[in-house]
Each structure stands twice: as structure tokens, then as C-alpha cells.
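Listed below are the residues making up each chain.
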Amino acid sequence: MTAPEPPDTYAEQLAAELPGWAIDTSIPGTPGAIYLTHPDGHRLGLRLQPHGHVIQTWITAGPLPELPAATTPSEAAKAQTALDARLQPGRTWHAVLSLSTSTNPYKALLTLATKHLIRALTVKPKRAATAPKWRENQPIPRARLTRLPKPTTRKDDTT
């Protein structure tokens, strides 16, 4: 297994591939994190985990766009519903990428950023994707959430 590239290299690659996104060194934050910003106010962060071979990624939503002028109450309700479905300002969505299972880490990171993180800005996911089991060029599998069993009491427990 080869040593992973520094996060700066991955951030430069992402900035070159994502239109409108640029590296921003003025953001204070997590030590070792690199941030990309979008003119709409969104931030994408990358950080190589200390144990190596895993990149932690997250996206933070910027301000919501203005509601379009609606002519009818149903159009206004539809526009409000679309805004409510978005990731709300200041909220983040996280994902990780295992570099040891990826044949092309740059392409995998670009896929993760475009298909999962940036998409979360407009369509807030209901649950987290399982990682690192997904591969590039494949859809991201969804985690299956289960409910805990109802607590039950027996006659012996009440005494």
C-alpha cells in the first residue's frame, strides 16, 4: 500500500473539476482540513484521517436561495416545500472515502463529491450512505435503519 497524497493535492484536483468551487485558505477550522468554497456560500471540507488511507469529507450548506415570486398560493407552497427539502444553512453532511479500496482515488473523490455531497445541498438524504463499501461508477448503497424493540415489562419486573 502506497502512502496517500496530501489533502492539498485532492483539494486542487476537486477545485479543477468542480465549476465554481475554489480552495479557500482563510477559513479557520479543523487542523489539517482543506476547504473549498462556492460563490453561493457552501463549503466543502477534506481531511486525511490521522491513521491514513481514509479521507473524511463534509459539506456545509450556505444560505438558502430566495423564494421565487409566486402568483398563486399553490406555487408558493411548492417553492417552500422545495426549500424545506434542502440541507439547511450551517448544517453539514459527512462522508468518508477509503483510499485503500479505490483504484483511482481522484475519480472516487470526485464521484463522492458530486453524487453524494453536493447533491445533499438540494436533496437532503434521509439516511447516511454506507462507506467504504461503494465503488466508483456504482450507486452508493443506503444504510438500512432498524427500530429498537419495544421495551416490555413482565409481571416479575413490576414487583
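Please refer to the structure placed before this passage.
Residues numbered from 1 in each chain as written. Predicted model: local features only at pLDDT ≥ 70, side-chain atom pairs only at ≥ 80, totals over all residues. Heavy atoms only, no water.

A. Spotlight on the packing of aromatic side chains. As enumerated under the stated definition, the model contains two aromatic pairs in all. With a centroid separation of 5.1 Å and 40° between ring planes, the pair formed by Tyr10 and Tyr106 is classed as tilted. Taken together, the positions of Tyr10 in helix H1 (residues 7-17) and Tyr106 in helix H3 (residues 105-117) put the pair 96 residues apart, joining distant regions of the chain. (Phe/Tyr/Trp six-rings, centres within 6.5 Å; stacked < 30°, edge-to-face > 60°. Helix = DSSP H or I, 4+ residues; strand = E, 2+ residues; numbered from the N terminus.)

B. Broad picture of the nonpolar core. The biggest cluster of nonpolar side chains holds 24 residues, and the ones touching the most others in it are Leu14, Leu36, Leu44, Leu46, Ile59 and Leu109. When contributions to this core are tallied by element, the ones reaching two or more residues are H1, strand E2 (34-37), strand E3 (43-48), strand E4 (54-60), strand E5 (92-98), H3 and helix H4 (119-122). Look past the residues within four positions of Leu44 in its chain and what remains in contact with it is Leu14, Trp21, Ile34, Tyr35, Leu36, Trp58, Ile59, Ala113, Leu117 and Ile118. (Core = buried A, V, L, I, M, F, W, Y, C linked by side-chain atoms within 4.5 Å. Buried < 20%, exposed > 50% of the residue type's maximum accessible area, 1.4 Å probe, protein only. Contact = heavy atoms within 4.5 Å.)

C. The arrangement of the sheet that holds strand E1 (residues 22-24) in detail. Reading across from one edge, E1-E2-E3-E4-E5 is the order of the five strands in this open sheet, with antiparallel pairing throughout. What marks the edges here is a single partner per strand, and that holds for E1 and E5. For this sheet the average axis-to-axis angle between neighbouring strands, irrespective of direction, equals 25°. Of the strands in this sheet, E3, E4 and E5 are in contact with H3, which crosses E5 at around 155°. (Pairing = 2+ DSSP bridges. Axes fitted to C-alpha atoms, helices over the stretch in contact; angles between N-to-C directions.)

D. The arrangement of the environment of Pro50 in detail. With respect to the secondary-structure elements, Pro50 resides in the loop between E3 and E4. Note on Pro50: relative accessible area 72%, which makes it exposed. With 18 residues separating them along the chain, Pro50 and Gly32 place their C-alpha atoms 9.4 Å apart.

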